[in-house]
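# Structural features, examined
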Amino acid sequence: MSTFATIDDLPADSRVLVRLDLNSPIEEGHPQDNRRFERHAETVRELADAGHRVVCLAHQGRPGRDDFTSLAGHADILAEHVGRVVGFVADTYGDEALDAIDALDAGEILLLENTRMCDDELPEESPEEKAETEFVRTLAAHVDAYVNDAYSAAHRKHASLVGFPLVLPSYAGRVMETEYEANTAIATREFDGPVTMVVGGTKATDVIGVMDALDDRVDRFLLGGVAGELFLRAAGHPVGHDVGEMDLFDEQWERNRELIESVFDDRGDAIRLATDLAYVGEDGGRAEVAVNDIDEKTEGFLDVGSETVADYEPPIRESDAVFVKGALGVFEDERFADGTVGVLESIAETDCFSVVGGGDTSRAIEMYGLDEGDFSHVSIAGGAYIRALTGEPLPAVEVLEAAADRQ
Ligand SMILES: Nc1ncnc2c1ncn2[C@@H]1O[C@H](COP(=O)(O)OP(=O)(O)O)[C@@H](O)[C@H]1O
Ligand SMILES: O=C(OP(=O)(O)O)[C@H](O)COP(=O)(O)O
């Protein structure tokens, strides 16, 4: 059981700052609806129905990346799920934001601009330093309480996640409560047979550190996505080619090279890498190549190949538990969905304990008509849930717990 206070403890008629995680896939500049909106809408609706004035904070993407956008479109999607108007101001803590907060009536909802557009938000610093920032001090003076519902971002020491609990009465929202409880129970669960982790996606920096820390809990790792290509590089294959403006490979390789090589040296026998990869062929369709036939780094690989999908099926079938973090390919494009969908189908066919995590990855379940009931738990958290598996505390949860002790 958690030791934080929840919104059941929130005093009546509060003006409350609520941190959500609406970080979503962006297509042609527009956020795509996903289960993060649906889940957070429950907390927001409950607060508004109870007569609180609700000021929402959230982030989208990372500066310099294509997915770094305004939250204007997010407000519309959130409103649809909540069933109430959600006002939006393109400001984080300036006069426009403060006037809109002050003008809220009971039951009204406001979403402020992307927290990462504010300089105080991102550098990872201690909660004490974050609590001193102008962003936190200014907003805190205009509200009565803080609610953190963003379990999926709780592994980040950003101002909107760790600063407010030091200066405001603080509570966990419904998503924070349920995700915390589910993921903590999973982290402490014992399994009799082999435990497998499917590791993919773009955030290699997050997953490689966790692979190292999960040394004694996971028996084998099945790799794909950007993380998988970085390990293929460590194995001497010339893969991992940056396409467009997204610097996914070279920067992450430089940053993690030593760790990747050391994890590979220590756990090489537990790590399964793709034996073939898929790319855009000359006719614009999906083409595949065996990893051993790749001589130079000329292609951007967007999925694992069909031989790899077949290779990954037996270890999944023999597992007692399978954890998924990150997609094995760019499944949003049907041509490159085979790896992600193939692995999810293999898991769905077994009766092992299974968890699928990640805001993007969990979306593949509904996009490709898989049945959520075939998985033990589908989490809207990715990095936070695998961090929880290591037993390491999440900074944003720790400050909520400390706040409850003081309240
Ligand atoms: N080889 C690849 N190159 C570029 N993007 C990839 C590749 N493989 C997977 N992806 C992308 O990874 C995304 C999921 O990454 P990530 O954010 O790490 O996971 P999640 O949000 O599920 O935690 C998917 O949207 C998918 O398009
Ligand atoms: O989407 C998120 O994490 P996830 O991709 O690990 O699920 C969170 O919003 C954290 O975002 P960040 O990884 O850009 O800090």
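Residues numbered from 1 in each chain as written. Chains lettered and ligands numbered in written order. Predicted model: local features only at pLDDT ≥ 70, side-chain atom pairs only at ≥ 80, totals over all residues. Heavy atoms only, no water.

Condition: UniProt positions are given in the numbering used here, feature names are shortened, and annotations may be inferred rather than shown by experiment.
In the nomenclature of an unreviewed UniProt entry, the protein chain is known as Phosphoglycerate kinase of Halorubrum laminariae. Looking at the Subunit (unreviewed entry) heading of the UniProt record, one finds this comment for the protein chain: "Monomer." In its Subcellular location (unreviewed entry) section, the UniProt entry covering the protein chain states "Cytoplasm".

### Section: the site of ligand 1
To keep it simple, the criterion reads: Any residue with at least one heavy atom within 4 Å of a molecule or strand is counted as near it. Under the rule applied, a polar contact is a pair of N or O atoms within 3.5 Å (in protein, one hydrogen donor and one hydrogen acceptor; residues adjacent in sequence only if both atoms are side-chain atoms). A 1.4 Å probe and the Shrake-Rupley method give the accessible areas. Residues count as covered only by the protein chains that appear here.
Among the 21 residues in the neighbourhood of ligand 1, the closest are listed as Thr202, Phe301, Lys325, Glu332 and Thr361. Here Lys203 contributes a backbone N or O atom positioned 3.2 Å from an oxygen atom of ligand 1. A distance of 3.3 Å separates a nitrogen atom of ligand 1 from a polar atom in the side chain of Glu229. For ligand 1, whose unbound accessible area comes to 580 Å², protein coverage reaches 90%.

### A closer look at the pairing of strand β16 (residues 353-357)
Let me state the cut-off plainly: Working definition: with a 1.4 Å probe on protein chains only, accessible area under 20% of the residue-type maximum means buried, over 50% means exposed, and in between means partly exposed. Each helix corresponds to a stretch of at least 4 residues labelled H or I by DSSP, and each strand to a stretch of at least 2 residues labelled E; elements are numbered beginning at the N terminus. Any two strands between which DSSP finds at least two bridges are classified as paired. Handedness of a crossover: with both strands directed away from the viewer, a clockwise path from the first strand across the helix to the second marks it as right-handed.
When you tally the buried positions in β16, you get 5 out of 5 residues, the bulk of the element. The alternating pattern of β16 places Phe353, Val355 and Gly357 and Ser354 and Val356 on opposite faces, both of which are buried. In the sheet, strand β15 (residues 321-325) pairs with β16 via 5 bridges, with the strands oriented parallel. In the strand pairing of β16, Lys325 is matched with Gly357. Note on the crossover from β15 through helix α12 (residues 338-349) to β16: the handedness is right-handed.

### Thoughts on the confidence of the model for the protein chain
Keep this limit in mind: The quantity known as pLDDT measures the predictor's confidence residue by residue, on a range of 0 to 100.
Mean pLDDT over the protein chain works out to 95, with 99% of the residues at or above the 70 mark. Model confidence for the complex: the whole-complex pTM is 0.92, and ipTM, which rates the interface, is 0.96.

### What about the packing of aromatic side chains?
Let me state the cut-off plainly: Aromatic rings from Phe, Tyr and Trp, taking only the six-membered ring of Trp, are treated as a pair when their centres fall within 6.5 Å; an angle between ring planes under 30 degrees marks them as stacked, one over 60 as edge-to-face, and anything in between as tilted.
Scanning the model with the defined rule gives 8 aromatic pairs in all. When the ring of Phe4 is compared with that of Tyr180, the centres are 5.2 Å apart and the planes differ by 65°; the resulting orientation is edge-to-face. Residue Phe4 is found in the segment before β1 (15-19), and its partner Tyr180 is found in helix α7 (residues 174-188); the two are separated by 176 residues along the sequence. By relative accessible area, which is 15% here, Tyr180 ends up buried. For the ring pair Phe231 and Phe264, a centre distance of 6.0 Å and an interplane angle of 70° mean the geometry is edge-to-face. Taken together, the residues span a long stretch of sequence, with Phe231 in helix α9 (residues 225-234) and Phe264 in helix α10 (residues 250-267) at a distance of 33 residues.

### Focus: α12
Which entries qualify depends on this criterion: Multiplying 1.5 Å by the residue count of a helix minus one yields the expected span of that helix. In what follows, a contact means two residues having at least one pair of non-hydrogen atoms within 4.5 Å.
For α12, with 12 residues, the first-to-last C-alpha span of 16 Å sits near the 16 Å given by 1.5 Å per residue. Those residues of α12 lying buried are Gly339, Thr340, Val341, Gly342, Val343, Leu344, Ser346, Ile347 and Ala348. Where the residues of α12 are buried, they touch β9 (195-199), β14 (303-304), α11 (306-317), β15, β16 and α13 (363-367).

### Digging into the sheet that holds strand β6 (residues 109-111)
Spelled out, the test is: Between N-to-C directions, angles cover 0 to 180 degrees, with each direction set by a line fitted to C-alpha atoms, over the stretch in contact for helices.
Strand order in this open sheet of 6 strands is β5-β6-β4-β1-β7-β8, and the pairing throughout is parallel. Strand pairing shows two members of the sheet lacking a second neighbour, β5 (86-88) and β8 (170-172), which therefore form its edges. With direction set aside, neighbouring strand axes in the sheet form an average angle of 25°. Relative to strand β4 (residues 53-57), β1 is paired through 5 bridges, and the arrangement is parallel. The residue of β4 that forms the bridge with Arg19 is Leu57. Sheet strands touched by helix α1 (residues 35-49): β1, β4 and β6. Its angle to β4, the strand with the most contacts, is close to 155°. Packing of helix α15 (residues 395-406) onto the sheet brings it into contact with β7 (145-148) and β8, and relative to β8 it is tilted by some 125°.

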